[in-house]
Amino acid sequence: MAYDRVYSGHHVHHFTRKSLELLLADHGLLVERHIDHDAPIGAMDIPVSSKLVDSVLRFGLRMLWFAGRLTRRSYLQTVIVRNAHPA
């Protein structure tokens, strides 16, 4: 279930901080600020019918979000960039 949801066809690519920075640099953009963050746990679509299973899976997500903050490998990234070669 989790693999299918993360690696489904609507996800084009998953980026590490470094791979995203390299991609942007290849297109003439420099990262000025990098923000790691996660989606709200309550907003996560978990397709189960049992409240117990839902609670266990959401607890697992909380632990993953926490580990992501510690390792700087969060679920989502936002970057603020500038043109490396302004006109």
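We now turn to the structure provided with this report.

For the rest of this paragraph, the subject is the overall build of the chain. Per the secondary structure count, the chain includes three helices and two strands. Going from the N terminus to the C terminus, the chain shows its helices and strands as α-α-β-α-β. Counting across all 87 residues of the chain, residues that qualify as buried make up 17%. In the chain, the share of contacts with a sequence separation of at least 24, taken over all contacts with a separation of at least 6, comes to 72%.

Turning to the environment of Arg 69, a few remarks are in order. Its location among the elements puts Arg 69 in helix H3 (residues 51-71). A C-alpha to C-alpha distance of 9.0 Å links Arg 69 and Asp 38, two positions 31 residues apart in sequence.

So, about unusual backbone geometry. If you check the backbone angles, Arg 72 has positive phi at about 60 degrees while not being a glycine. Within the secondary structure, Arg 72 is located in the loop between H3 and strand E2 (76-83).

Further remarks concern H3. Under the 1.5 Å per step criterion, the end-to-end length of H3 is 30 Å for 21 residues, consistent within 8% with the ideal 30 Å. Structurally, the start of H3 carries an N-cap: the backbone nitrogen of Leu 52 is 3.3 Å from a side-chain oxygen of Ser 50. Note on H3: the residue one or two positions beyond its end, Arg 72, has a positive phi of about 60 degrees.

On to the pattern of salt bridges, then. Overall, the coordinates contain four salt bridges when judged by the stated rule. Between Glu 32 and Arg 82 there is a salt bridge; the shortest N-O distance is 2.6 Å. Here Arg 82 lies in strand E2 and Glu 32 lies in strand E1 (residues 29-37), a separation of 50 residues in the sequence.

Listed in full, the six residues of the largest apolar core are Ala 39, Ile 41, Met 44, Ile 46, Leu 61 and Trp 65. Contact partners of Met 44, with chain neighbours within four places excluded, come to Ala 39, Arg 58, Leu 61, Trp 65 and Tyr 75.

Parameters at a glance
- Residues numbered from 1 in each chain as written.
- Predicted model: local features only at pLDDT ≥ 70, side-chain atom pairs only at ≥ 80, totals over all residues.
- Heavy atoms only, no water.
- Helix = DSSP H or I, 4+ residues; strand = E, 2+ residues; numbered from the N terminus.
- Buried < 20%, exposed > 50% of the residue type's maximum accessible area, 1.4 Å probe, protein only.
- Contact = heavy atoms within 4.5 Å.
- Expected span 1.5 Å × (residues − 1).
- Polar contact = N/O pair within 3.5 Å; in protein donor to acceptor, adjacent residues only side chain to side chain.
- Salt bridge = Lys/Arg side-chain N within 4 Å of Asp/Glu carboxyl O.
- Core = buried A, V, L, I, M, F, W, Y, C linked by side-chain atoms within 4.5 Å.

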